[in-house]
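Listed here are the chains, written in short residue letters.
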Amino acid sequence: MKKITFCITTAKFEKSYLQLLLKSLKCNLSSDIHDIIVFIDSDNQGTFEWLKTQKEVFPRLKIIRNTLEIPVACPINIQYMFKMAETDIVSYLQSDMVVAKDYDLEVLKYLDEDTVVSSTRIEPPLHPPGAEKHTMSFGMTPEEFNFDGFDQYSKTVKDINKTTQFFFFPITLYKKNWVDIGGQDSIFRRSRDDSDILTRMCLNKTKFVQTWS
């Protein structure tokens, strides 16, 4: 298996979300060879101290902490983590996400050096339903999240043969694709950073695949 660096951003009030995401990585990745980088942009719950206790569970975990008084925002977070990644392949996850069974295997099936892979999301009904995702609620907070229910549902809706052309986070790609376009533009500090990335990758002839598996 090719090795991936999973890059995760987190901030204030997100400790329990991050704990749930890391649980899913531990339970649902098919291999433990992958690296994990967590960027703590702001912290009011002892996230940094808790992460330090997870080194035995995740021996390939690296922790970055913003020590400034104000957050530096996701574009800079992602840029820094991708720069730090020692693998050819990087995968970006937000801390309020949960991965399904064999997530690493499924994204690698469709990945090549010219392609960005977006993973299909299962979202609670906070936003209007769309053809690009599944809408289903397993709990609105980490404390009430039905982890086993999510796992079972994700197995039933997997479509091994279906792909579409779409771009949204989470994404997995070869780091070279990111470097070739100059990475993320920190001008887009609060919104439209993903649209900007998509535009510049399209101009660079990058291919896009959304996997439904």
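Everything below is about the structure printed above this text.
About the thresholds
- Residues numbered from 1 in each chain as written.
- Predicted model: local features only at pLDDT ≥ 70, side-chain atom pairs only at ≥ 80, totals over all residues.
- Heavy atoms only, no water.
- Helix = DSSP H or I, 4+ residues; strand = E, 2+ residues; numbered from the N terminus.
- Buried < 20%, exposed > 50% of the residue type's maximum accessible area, 1.4 Å probe, protein only.
- Phe/Tyr/Trp six-rings, centres within 6.5 Å; stacked < 30°, edge-to-face > 60°.
- Lys NZ or Arg CZ within 6 Å of the ring centre and 35° of its normal.

## Examining the environment of Phe169
Its location among the elements puts Phe169 in the loop between strand S8 (163-164) and strand S9 (171-174). With relative accessibility at 9%, the residue Phe169 sits in the buried group.

## Description of the packing of aromatic side chains
Applying the stated criterion to the full structure yields 11 aromatic pairs. With a centroid separation of 6.0 Å and 85° between ring planes, the pair formed by Phe138 and Phe150 is classed as edge-to-face. Note that Phe138 is positioned in the loop between strand S7 (134-135) and helix H5 (147-157) and Phe150 in helix H5, a separation of 12 residues in sequence. Ring centres 5.5 Å apart and planes at 55° place the aromatic pair Phe138 and Tyr153 in the tilted group. In this pair, Phe138 sits in the loop between S7 and H5 while Tyr153 sits in helix H5, placing the two residues 15 residues apart along the sequence. Each member of the pair Phe138 and Tyr153 is classed as buried. An aromatic cluster of three or more residues is present, and its members are Tyr92, Phe167, Phe169 and Phe208. Its end group placed over the ring of Phe147, Lys23 keeps NZ or CZ at 4.4 Å from the ring centre.

By themselves these figures say nothing about function.
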